[in-house]
Structures are given as structure tokens and as C-alpha cells.
Amino acid sequence: MNDYEAVIGLETHIQLNTTTKIFCACKADSWFDPPNTNICPVCTGMPGVLPVLNKAAVEKGVVLASAMHAEIRPLSYFDRKNYFYPDLPKGYQISQYDQSLAFGGYLDLPVPPANGQPAYIRKVSIHKLHLEEDAGKTKNAGNERLIDFNRCGVPLVEMVTGPDLRSADEAAQYLMRLRQLLRWLGVSEADMEKGHLRCDANVSIRPRGAAYLNPKTEIKNVNSIEAVRSAIEKEIERQIREVEAGHRIEAWTLEWDEDAGVLRKMRSKETEADYRYFREPDLLPIRLDDAWKADILKALPELPLVRRQRFMDAYGLPEYDADILTSERNLSNYFESAVKAYGSDPKRVSNYLMNDVLRMLNESSKTADQLRLTPLFLAEIIKLADTGAVNTSTAKSLLQKVEESGKAPAEIVAAEGLAKVSDDSAIRAVCLEVLAESPKEVESYKAGKVTLMGWFVGQVMKKMRGKADPTLARTILEELLA
Amino acid sequence: MELCDIPAYELSLLLRQKQISAEEITRACLERIDAVDGRSGALDSGSLTPEDEQKVHAFITITRESALNQARAVDQKLAAGDDPGLLAGIPFTTKDIFCVRGTPSTAASRILANYTAPYTATPVTRMEAAGAVMLGKVNLDEFTYGSSNESSAFQPAPRNPWNPAHVPGGSSGGSASSVAAGEAALSLGTDTAGSIRQPAAFCGVVGVKPTYGRVSRYGLIAFGSSLDCPGPVARNVVDAALMLQVIAGADPRDSTAANVPVPDYLAQLDGGVKGLRIGLSPDYFRIAFPDPQTGEYREQPLPVDIETPVLRAAEVLASLGAEIVEDVPMPNTRYGIPAYFVISRVEAASNLHRYDGVKYGYRTPQRTGDLTKLYRQTRNEGFGLQPKLRILMGMYVSAAQYSAQYYQRALRVRTLIRRDFEQAFDRSGKYRLDALLTPTTPTTAFKMGAVYGDSVLMQYADQLTVPANHAGIPGLSLPGGLDAERLPVGIQLLGPDFSEDMLLRIGRAYELATQTEDWRKVKPLVLR
């Protein structure tokens, strides 16, 4: 294994989450709809129809291209990619060829430490980035082949990386970061299981350190990040076995069988298909003037990896915290708002988020911006705990109570009498009560079993329903038992 | 004069004065169709009878009932005092290359013979919204691929009303013949290389190829998408202007339809030609074509019968105050056909991909059990010779290894042809033309069967019309006289982008000035 390194490039198709399709007014998202219900003469390729470009698809494409640091062309063109397939009703796909929306670009992929190797950054270059329309779906049903045209004309960005990835794990990391980015930017739902994000992997191996590229195989039909990882791992192993056995790697197209966990050969790759690309005469070029571009990009948020670094630099968060808090844009915004409202110690805010708020999010499947426990309320609760106004366990239960009621923490504390009792005499009275009720324990304590102090404190807390200041209770008990 | 022979503009006046009803007009046209059209084009229609050879055969589908209903609706609006629209009660035919909801929309091809469109093309929608009455769908060359209509899968093919032994031209042959025979006042055609202007010239009617993008292509079954222009066929310039007024303009369903305001064509129609600069180019008075025997490129002057009416028109316009500018060089005209051959075939082959027997249209009755065989068998049986030739040629010249030397080169030629026109029309250039005056066609209507079979030579019938399609500029063909066989000769006016108003104005001036000439009194043979 150590004698070889894998060379992997990923070809991704990203469904943009526009309301309507790229060239007609049909609804784009058909996940919950029966086959052939979101269709019209245009997207089913009736004779005589013409495409009309949905600007929202261009805008989302520009946002993505910009986030990938790609060069955006002020003038780009659509082209026809001609081929026959039943799910392609026009017999050509409207795509972009030589003058696509953007070119170049990269992603600085942080690769976490693993197997004793430290973390590192892998620069993944982007070879191609263009807009196109999705095709329909076919499926076999007995002797018949059924076609669903709902997906025809859903806007896609095709984005192809250079052969820059070096392991199945890196490929999986890339897809995770891409998915994070797509959702962060709001350009795609990026759900691989639903086909919003699709990935084909090109895999070859070569002696470690070599600079040339060997023949590659293409793995298709992988629809989860785990499947991509497993399929690539299997393929690397297979290629090493073949080479070790003195065989040549042939340029096959392989299909991943998810259930069996194996790769199957779909076809040998003959000479490259000739798609006879030519300019789509039915569409005008995309003229992206400075004003339009500026208008699109003014809403471009800080990118997740940039924000992750900033959370480490500016707030002194550990990488682990920064990574989780920037896993999703709403969560990271939430964190920053809470830190701002809290005013100090971002790590303390992070702890509350990582331990409690994340659990609430997972359980409710809400996003951070949908919480009734707003960043302001969270900051307020942490402050209550800091000043000793409530104790820690009350603070934690307050989180849930605020979320359930939407009321301000202080309001709940007042209404439910949750404030920590720091009144010496009130606690002293309860302490006396506890000691009077527990003669055996008092005896044991005095005989030297000082560990019973914790039990006494617990009894006091119990009687006061958790509102007592435990430190004060301990001091009083120690005094009374002395 | 029967109602069906009265031009649209006058019908419109009579209708509004309540001297006639829309239903009467429609019935007159339907009677004319019954009298002269013969049997409509159909698949597998058997051999021609002697009677067939005397008829026009413009139609594939006659929409008698819906036409009468439309006409009655116009009459009701008129009776109620509502505005019935600019073309109220005017009967028209639609080239069967346009989709019209609920009608067979066949493209004159077996592969679409059973296809009923679920939607209506924008120009037809606009005609109907303006109150025009659609009488039916008329025949054409299969998928518009031809200049004679003989290639239609729906036979008998249309014949020239001036002499049914001759072709009506094409591909809008059904449009031109239906208007010439008085079956309809107007027809909606398409022009990709001359397909409106050439049949208009052959049938002695007026045809307008508008600027590319002036009229929406939505619903037009595509041939060469970068060249196709829907446009009017009419019996005179006023009617053509009236129809263009209705169908022109931007369309949210066609992004190549221009967002340029549509002028009032009628208001400017009688503006005259005083002071206008009208050019003549020697490059439009000769044709270059490959010798059918040797394949060698030959050049020859146009027949005198073709040349004379153009020169006479120049004299007429000069006498009306226009300035005639001679010897305008249009050196790239001769490359128009070869470049067109390449560009149109590449687009056509791609546009024909969708006819695969899967979704609609013809599917081979044979059980193929294999997708590729289904495609091959369906397309082999469903397409006629012309689509097949164009697919072969288009696939060849767009293949990766040939594209540079054919397709990319043809695109450069196209730019050069456009440049010829830009220089001629340049306001501060040497020629500063308002329009170029040329013959429409190198010959008058040829005999049925005379050219058919030689696809290359057939294509050269478009030699003088195709440059306008390459350049995207408008062209107008109008009757300029008759040849020795008493067949119509067309003259053509070409102008800069969106100069339809100017071309119509010049055409109208010529039409008025020659109104009383003897040749205008001669009727088509089928009406004599």
C-alpha cells in the first residue's frame, strides 16, 4: 500500500435549489411529487418549443463560482451537447462548453488528523464549472422502461476537480466540505440521497511520488459520502492488486452496488463520445455586467472555512469547537450573536452551544435561527449562572424552558422562584433541619466519615429544590458539624 | 369579384361597415378551397390522377368547423360593438410547421403525422387574438427542407396556381399557393433561406422575411434555429404590413425575439420613396452553382426575364424620386449557399434528434427489443429523404474532426456576408443605402419534377434570398411581372435590421405606381 498513491478527481453535479426549472416555469423540486407532474411542452421537448433562461440559476451559479474562487466570465454561452437517451427529450442537453460561466478555482480542503498523521490542507483545483439542465429519470419495470420527466430542466452546476485528491478519505472530506458550502451559500439542498448532489469519481494509482497519470476508472452511481469513500477504497485496493499481479488497469466505467458493497463493470470506455457541441441558437449569451455581478455577490456570506479560522483566531476557540460551530451557517451566526451579547469568554458560549444547544437542535431538527432560545436569551442565561443568580443545573434547565415558552429567562426565574437562595438564615434553617433528621449520619460524620458532607449538601439542595447556593450550604454545614 | 379574392385590408373595411359578415368571408374561402384545392395532402395517398394535376393541393388539414366558429365569434363581437381586433374576420392559413393546439402539427413528415400539438405557436396565437380566422394547416416541404414542396410526405404536393404543372416553390409552398388561389387572404409562413420569398415570387404574391427575432419562433418546429423567421404571405403590401403588425414583437417565450418596439407599419406605408437610396448589385444579377455533371463551380448571368422586371422596378422607383445607386459590391453573396448548407444542417440534425419514437409521433410497429434499434428503425421509417440527407450532412460537418474546416468556417463566412450588408447600409459609408433591390429568385417556377432529386441544385434556388437569413436582415418579395410563360417573377427588397417599415413603404410605392399595368390583370390559371 505504501508503494502507491491514489490519484482521484471528482465530477460533481449540483442541483440548484431554484423555485422553477432552468428553462421553463415548471416547479423544480419534485421529490414528493408523482412522476410526470411537473412538466410542460418546453421541458418535455415538444416540437417547436424554446428555452427561456431562469436568471436565478445564473445567480446561484455565480455565487458558487465565486465561493470556489473561480474566474467568472462576463460573457458566457450555452451549447448543445447532442446525444440520444430516452430521458433526454430533446436529444440534446443544453449545457456550456468552451465559454462556460466560470473557470479555474479551488478549495483549500482541511484534512483532519488520522492514523497518527497530523492535519494538513489539500488544495483541490476546479477544472470545470458550468451550468446545464438535468435530464429525466428512467427505470425498468418488468419488460417496460418508464420515464419520469419531472427532473428534466432542473438547473445543475457541473463542477469537476483536478486529479488532486490522494485518498478515499480526502474525497469524502471534499464532499463534506462541498455539501457544507452549498448549504451555507443557500444554492443547493445538497442532499446526496435525494440526488441534489451527485458524484462520479475518477480513480487511478501510481507509485508514490510519481508525477504522471495512469489510466483511470470512473465510478458512477454513488449516492452517499460513505458510499464514495467505500467505493474508492475498494477500487484503489483492486487496482493495486491488478498492478501487483502484473495486469494493466483499463479505463472502465464502474458502477457501485450499494447493497452488495461491490463495484461492477458497466462498460469499457471506448473512444471519447463526440457530442458535436455547438452554440445553442435558442438562447442569448449570458451577459454578466458589473452591476449585476455586484448585485449578486453583495449577499455572498463569509465562507465557512474562513469563518472557522476566524473563530480560532479571534475567539481563541479550539479547532474542534470552531469546526462544529461553523458546520452550518445559522449555527455560526448564532454563536457570534451570542458571543456579542455575552460580551466575554467565547469558549464559555461555545461550551453551552456544543453541550446543550446542539442537542436541542438535533432533537427538534430546527436550525439555529429557528430557536426560540435566541442568542440574547442564551447569553442572559449564561450571565445568570456567572453571577450566581442561578446555579448551573438551573441554568441548563432554563435553556429548555426558554425554548418551550419563548419567554425571557429572567421572567421564568421570577415566575418559578428559581433564583439561587444565598440568604444565610434560610439555608441555615434547612441545614439544621437536615441534621436533626439524620442523627446516624451526623454520628458517622463526627466519627470521621467526612465524605458524608456531600450527602448532607445534597439533602439541603433537595429540600430547597436546587435553589440553594451549594457553596454556602457546605460552609454552614461544616460550621454546624464542627 | 368574389369575397375570397378581395384583399384583407378591404375586407376589413367592408366588415366594419357591416356590408359583409365574417362568416360570409370564411364561407367564400371554404368554397374556393372546395373548387380549386382538390384532395388534401395525406400519407400513402396513391398515385396522381389527371384531376389531381389540375388542383392546388395547398392543405394538409382544413379546420372548417373551428374556422366558422371563429368567424361567428367575430360577427358577434361586431354586433355587440366590441373591438374585434385588427385582423377580425380575415381568413388565413398556417404553414404546418407551426404548432396549433388541438390540430395535427405534422411538419409534412410521417414522423409527426399523428402528432397533435398541446399548445399554440405565438404568431398563431397573435393572429387569432387579432380576430383572424384560421382555415387550416397548409403543406410544405418535409420539415421545410426544400424549395418546391415536392418533398412533403403528404401528397399530392401543392401546385402552382399560375400553372399546376409547375411547383409553387417552397418551403412555404402551401402558404403561397393558398394565398395566390384566393383560398385565404393571408398565410403564416417561415423563411430559413428564402422559404417565404421564393414561393411568394413563384406564386405572384407578397412575402416578408422579417428581421431575425422580429417575430417569435415559439411554436415553430425548428429547422435552422439561428436562421428561421416566421413571416407573412399576402396578396399585396398593405395586407402584408397589416399581418406583420399583428405577429411582430417581443415574446417572453422566445429569448431571441427582439425587445425592439414595433412601429406602426400602416401609418408609414404611403410615405413614398423620395430621396431614398436604393441599390443594385451586380452580385445579385448572376448566379454561381456547381455543375450537376462535373461538380465544377459555374457562374452565369440571370435570365433576361428575371433581370428585366428588377431593372424596370428601379426605373419606376427612380421616377418616384428615389436615387438608384448602381454597382454596389456584395462579394460574399456567392458563398451564401455553401455556408448555409453547413450551418443549417448542423442545426437541423440537432433539432431532429427529438424525433426518436419514444415520446410522441411515429414509432416503428416492429418489436425491436433494443433501444438503439428502436431509434434507428423509427427514424428510418419516419423520416423522408431530405431529413435523412440533412442529418447525415449535419452530423458529418459538426463531428469533432471536421467541425473546424466546415462549421466554424461557415460561421466566419456568415460574418462576412453580414459585413457586406453593413457596408452597403452604413449611414456614413460609401453607399448609404436604404434598401437593396434584387431579383428574388434565379428562375421562375420550374416544372414539377424538373429539379427534384438534385438536392444540391434545388438548394441554389435560394441563392439570392439566403444572404438575408445569414445576416438576419429583413427581405420583402413582391410581384414584378410575368415571364414569357406567364409565370410570376419576383423582385426583392433587402434592408438593414428592423427596416421592415422602409421595405414595405418602398414596396407599396412600387405597387401603386404599377397598379394599372397589364400584367397585373392576368389571373392565375386555376382561376381563369
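Residues numbered from 1 in each chain as written. Chains lettered and ligands numbered in written order. Predicted model: local features only at pLDDT ≥ 70, side-chain atom pairs only at ≥ 80, totals over all residues. Heavy atoms only, no water.

### Structural notes on the packing of helix α10 (residues 392-405) of chain A against helix α11 (residues 409-416) of chain A
All names here are of chain A.
1) Next: In the contact formed by α10 and α11, the axes pass within 10 Å of each other and the chain directions differ by 105°. Compared by their axis directions, α10 and α11 come out roughly perpendicular. On α11, the residues that touch Leu398, Lys401, Val402 and Ser405 of α10 are Pro409, Ile412, Val413 and Glu416.
2) Next: For the contact of α10 with α11, the class distribution of residues is five nonpolar, one polar and two charged. (Axes fitted to C-alpha atoms, helices over the stretch in contact; angles between N-to-C directions. Helix = DSSP H or I, 4+ residues; strand = E, 2+ residues; numbered from the N terminus. Parallel < 35°, antiparallel > 145°, perpendicular 65-115°, else oblique. Contact = heavy atoms within 4.5 Å. Nonpolar A, V, L, I, M, F, W, Y, C, P; charged D, E, K, R; others polar.)

### Concerning the sheet that holds strand β4 (residues 79-82) of chain A
Residue and element names in this part refer to chain A.
1) Next: Strand order in the open sheet made by the three strands is β5-β4-β16, with antiparallel pairing throughout. Looking at the sheet topology across the chains shown, the edges are occupied by β5 (92-95) and β16 (278-279).
2) Next: Bridge count for β4 against β5 is four bridges, and the pairing is antiparallel. Bridge pairing in β5 links lysine 81 to glutamine 93. (Pairing = 2+ DSSP bridges.)

### Quick look at the interface of chain B and chain A
1) Next: The interface is formed by 37 residues belonging to chain B together with 30 residues belonging to chain A.
2) Next: For the pairing of chain B and chain A, the buried interface totals around 2,700 Å² over both sides, and the portion due to carbon and sulfur atoms is 60%.
3) Next: When residues of chain B are sorted by the area they lose upon contact with chain A, Ser255, His353 and Arg354 of chain B head the list and together hold 23% of the total.
4) Next: Aspartate 282 of chain A serves as the salt-bridge partner of arginine 217 of chain B, at 3.0 Å between the closest nitrogen and oxygen.
5) Next: In this structure, the connection of chain B to chain A is made through 20 residue pairs in polar contact (both at pLDDT 80 or more).
6) Next: Counting only elements with at least two residues in the side of chain B that touches chain A, the list comes to α9 (336-351), α10 (371-382) and α11 (385-398) of chain B. (Buried area = accessible area lost by both parts, 1.4 Å probe. Salt bridge = Lys/Arg side-chain N within 4 Å of Asp/Glu carboxyl O. Polar contact = N/O pair within 3.5 Å; in protein donor to acceptor, adjacent residues only side chain to side chain.)

### Looking at the sheet that holds strand β5 (residues 206-209) of chain B
Residue and element names in this part refer to chain B.
1) Next: Strand order in the open sheet made by the eleven strands is β1-β3-β2-β4-β6-β5-β12-β13-β11-β7-β10, with mixed pairing throughout. Across the chains shown, the open sheet's two edge strands, defined by having one partner strand only, are β1 (59-62) and β10 (323-325). On average, each strand axis in the sheet is tilted by 30° relative to the strand beside it, whichever way the strands run.
2) Next: Relative to strand β13 (residues 488-494), strand β11 (residues 435-439) runs antiparallel, the two sharing four bridges. Bridge pairing in β13 places threonine 438 opposite glutamine 492.
3) Next: Strand contacts of helix α15 (residues 500-513): β5, β7 (277-279), β11, β12 (475-482) and β13, with the helix running at about 15° to β12, the strand carrying the most contacts.

### Overview of the domain arrangement of chain B
Residue and element names in this part refer to chain B.
1) Next: Per the domain assignment, the segments of chain B are domain 1 (3-270 + 521-527) and domain 2 (337-406).
2) Next: Each of domain 1 and domain 2 has a C-alpha centre, and the two are 28 Å apart.
3) Next: At the junction of the two partners, domain 1 supplies 20 residues and domain 2 supplies 20 residues.
4) Next: Both sides together, the interface formed by domain 1 and domain 2 hides about 1,600 Å², and carbon and sulfur atoms give 65% of it.
5) Next: On the domain 1 side of the contact with domain 2, Ile111, Tyr145 and Phe223 bury the most area, a combined 41% of that side's loss. (Domains from an automatic or database assignment.)

### Some remarks on the environment of aspartate 79 of chain A
Residues and elements named next belong to chain A.
1) Next: In this structure, aspartate 79 sits in strand β4.
2) Next: At a separation of 2.9 Å, a polar atom in the side chain of aspartate 79 contacts the main-chain amide nitrogen of tyrosine 97.
3) Next: In this structure the side chain of aspartate 79 is engaged in a polar contact, spanning 2.7 Å, whose partner is the side chain of arginine 279.

### Some thoughts on the side chain of serine 438 of chain A
Residue and element names in this part refer to chain A.
1) Next: Along the chain, the position of serine 438 falls in the loop between α12 (424-437) and α13 (439-446).
2) Next: Note on serine 438: relative accessible area 6%, which makes it buried.
3) Next: A polar atom in the side chain of serine 438 sits 2.7 Å from the backbone oxygen of valine 434.
4) Next: What serine 438 contacts, discounting residues up to four positions off in sequence, is Trp455 and Phe456. (Buried < 20%, exposed > 50% of the residue type's maximum accessible area, 1.4 Å probe, protein only.)

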